[in-house]
Amino acid sequence: MATSSLSLDSLKARLRRLNFYGLLAHAEEILTEPWLERVLAIEESERQHRSLKRRLSNARLGSFKPMADFDYRWPEELDRALLDELFTFSFLEQSANIVIIGPNGLGKTMIAKNLLHQAILRGVSARFTAASDMLHDLAAQDSSTQLARRLRRYTSPAVLCVDEVGYLSYDARYADLLFEVITRRYQQHRCVLLTTNKVFGEWNQVFPNATCVVALVDRLVHRSEILTIAGDSYRLKEAQERAAQRASRRTGGKKTRRGS
């Protein structure tokens, strides 16, 4: 008859993690039961599946292309070694921020979403938000109590991705709210993954009337990896190629009709 290979200590630890306190009380009695390993494995697998599903739902990632579709040859500037290093996720252990800087259409959001997705698969809680969505959401709270509650939405995940800082300009109130999110996460040693089309010297254009911009940038970059991408928009390139293909098909069709 098959017996369990579990030690008593490891069995008790697994039962505690699963909150199986009834079985825990009888751990010595059930230690050698042949069904024990299978039951524990099924329960642990199912909980891991539910946990992953919950983390993916909470992250609000939406649709995105995998990194296999990223054209590394297109950007004029891209530190491939740093990008590959980011996907080792050592920044999670170091509680480091990631800032991706570059013009529109070069894959900043694509990279950010893939990093977030892979972090979630590794068991990390995460949330993705456009900068404008987060700041509008926080600014809409009517009281300090409601604001404190809503701030937890953006400060509690292990990784927060704030996408597209710099595409719109904001008043001082919005700058203060972003500062509050970044500061709380800085104090809690939780990662921020941020994409922007503005170098930090231009952030006073994003928050033109704010006094906290220098302090905001200081907290953001103190523990950070900065990935810079430069070049022409890949989306514009794809649009131009599609337009050229349509024009070619139209031209080809006209030649065929004239020749028939």
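Scroll up to find the structure.
The following paragraphs examine the structure supplied in this document. (Residues numbered from 1 in each chain as written. Predicted model: local features only at pLDDT ≥ 70, side-chain atom pairs only at ≥ 80, totals over all residues. Heavy atoms only, no water.)

Structurally, arginine 127 can be placed in strand E3 (residues 126-130). No salt bridge is formed by the buried arginine 127; the nearest opposite charge belongs to aspartate 137, separated by 6.2 Å. With residues up to four places along the chain from it excluded, the contact list for arginine 127 reads Asn58, Ala59, Arg60, Leu116, Arg153, Tyr154, Pro157, Val159, Leu160 and Cys161. (Helix = DSSP H or I, 4+ residues; strand = E, 2+ residues; numbered from the N terminus. Buried < 20%, exposed > 50% of the residue type's maximum accessible area, 1.4 Å probe, protein only. Lys, Arg positive; Asp, Glu negative; His and termini not counted. Salt bridge = Lys/Arg side-chain N within 4 Å of Asp/Glu carboxyl O. Contact = heavy atoms within 4.5 Å.)

Okay, the packing of helix H8 (residues 131-139) against helix H9 (residues 144-155) next. Put simply, H8 and H9 touch, their axes get as near as 9 Å, and they point 160° apart. Relative to H9, the element H8 is oriented roughly antiparallel. Regarding H8 and H9, the two cross each other, and that crossing is right-handed. Along the contact surface, H8 presents Met134, Asp137 and Leu138, while H9 presents Leu147, Arg150, Leu151, Arg153 and Tyr154. (Axes fitted to C-alpha atoms, helices over the stretch in contact; angles between N-to-C directions. Parallel < 35°, antiparallel > 145°, perpendicular 65-115°, else oblique. Left-handed = near helix turned anticlockwise from the far one by under 90°.)

The next point concerns the packing of aromatic side chains. Per the counting criterion, the structure on display carries eight aromatic pairs. Their ring planes at 85° and their centres at 6.1 Å tell us that phenylalanine 87 and phenylalanine 89 sit as a pair that is edge-to-face. Since its relative accessible area comes to 4%, phenylalanine 89 is described here as buried. Chaining the aromatic ring pairs together yields one cluster made of Tyr170, Tyr174, Phe200, Trp203 and Phe207. Across the ring face of tyrosine 72, the terminal group of arginine 80 is positioned such that the distance to the ring centre comes to 3.6 Å. Just above the ring of phenylalanine 128 sits the side chain of lysine 113; from NZ or CZ to the centre is 4.8 Å. (Phe/Tyr/Trp six-rings, centres within 6.5 Å; stacked < 30°, edge-to-face > 60°. Lys NZ or Arg CZ within 6 Å of the ring centre and 35° of its normal.)

With that settled, consider the packing of H9 against helix H10 (residues 172-187). Two numbers describe how H9 lies on H10: the axes approach to 10 Å, and their chain directions differ by 60°. With respect to H10, the axis of H9 lies oblique. In this structure, the crossing between H9 and H10 has a hand that is right-handed. Along the contact surface, H9 presents Leu147, Leu151, Tyr154 and Thr155, while H10 presents Arg173, Leu177, Glu180, Val181, Arg184 and Arg185. Classifying every residue of the contact of H9 with H10 gives five nonpolar, one polar and four charged. (Nonpolar A, V, L, I, M, F, W, Y, C, P; charged D, E, K, R; others polar.)

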